[in-house]
Amino acid sequence: MAETPIDLDKMRSIGVLGHGRTKNRVREYRRPDGIRVKETTDENNATVTEHATKDDRVDVMIRPQTVTMKAGVN
Amino acid sequence: MAITKSGIYIQPFKDLMIQTSYTGGNLDFTLDTYKISLWDNTMADGSGLMDFSSTSPAWANTNEVAGTGWSTGGVLLSAAASGSSSTSPTLAEGTTGSIRYDMGDISVASTTLSTGGGPYGCFIYADPVSSPIAKPILVAVNFLAAYPTNNGTFGITWSGTGVFEIDLTP
């Protein structure tokens, strides 16, 4: 099936970020014990989890990229 | 200026390849008696501990982040995974033609890490070694931002392609 000009425009736009940075992804939910939790995953793909506990618990999960050394092409 | 890159330290890697004798045990990337420590965002590329070309990249507590649940000097890899278990580091072929250094994910519970704004990166270093380099740093990983914890779990999920990988086959 041939793509229409509108389809082609959509395809060209795939992967383009309108504002230069990826927005944080936020998810809010309640733990089984009823405590509210806010999970924020940022542009580095790290997740900060804030628990509405008396001690203001904050967890972090960092997801670094592999340190990669590449050989040159010969 | 903050650190902007991750990297492998040249001198320890060179010593590994020429079998340099080290007091405290020769370098072995698969040992879990090595440690992971954290730094803040005040170190700069090419200076002090962030000089990957240093001929003596000895670990020091400069700009270290430590606190409740995470001692000064860092955490042994033998106790840095969930439940204080070993991360079991490995060195093997990963992507075809590449050497991969990998280990289980870091998960240390009940930490409060906020000095200097919080952890901005980590070192993995050979803690038992005393000479010719005392506690040589093997690799530094930049987190790209500061991530403080408060009474919570500090975790690192390594990429599926490991902590580092060296492509030997162009």
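Being a predicted model, the structure only gives us computed values, none of them experimental.

A. Structural detail: the packing of aromatic side chains. Residues and elements named next belong to chain B. For the coordinates displayed, the defined rule picks out 9 aromatic pairs over all chains. Considering the side-chain rings of W70 and F154, the 5.4 Å spacing of their centres and the 75° angle between planes classify their relative orientation as edge-to-face. A residue pair is termed long-range when its members are at least 10 positions apart, and W70 in the loop between β3 (64-65) and β4 (75-76) and F154 in strand β10 (residues 149-156) qualify at 84 residues. By relative accessible area, which is 1% here, W70 ends up buried.

B. Summary view of the sheet that holds strand β5 (residues 90-93) of chain B. The strand order across the open sheet built from 4 strands is β5(A)-β11(B)-β6(B)-β5(B), with neighbouring strands paired in mixed fashion. Whereas interior strands pair on both sides, the edge strands pair on one side only; in this sheet they are β5 (67-69) of chain A together with β5 of chain B. Pairwise comparison of adjacent strand axes, ignoring direction, gives a mean angle of 15° for this sheet.

C. Here's a closer look at unusual backbone geometry. All names here are of chain B. For the bond from S131 to P132, the omega torsion is 0°, close enough to zero to count as cis. Among the structural elements, P132 can be located in the loop between β8 (121-125) and β9 (137-142). Phi angles above zero are rare outside glycine, and Q19 is one such case at about 55°. The topology assignment puts Q19 in the loop between α1 (10-17) and β2 (35-39). Although it is not a glycine, N151 sits at a positive phi angle of roughly 50°. Structurally, N151 can be placed in strand β10.

About the thresholds
- Residues numbered from 1 in each chain as written.
- Chains lettered and ligands numbered in written order.
- Predicted model: local features only at pLDDT ≥ 70, side-chain atom pairs only at ≥ 80, totals over all residues.
- Heavy atoms only, no water.
- Phe/Tyr/Trp six-rings, centres within 6.5 Å; stacked < 30°, edge-to-face > 60°.
- Helix = DSSP H or I, 4+ residues; strand = E, 2+ residues; numbered from the N terminus.
- Buried < 20%, exposed > 50% of the residue type's maximum accessible area, 1.4 Å probe, protein only.
- Pairing = 2+ DSSP bridges.
- Axes fitted to C-alpha atoms, helices over the stretch in contact; angles between N-to-C directions.

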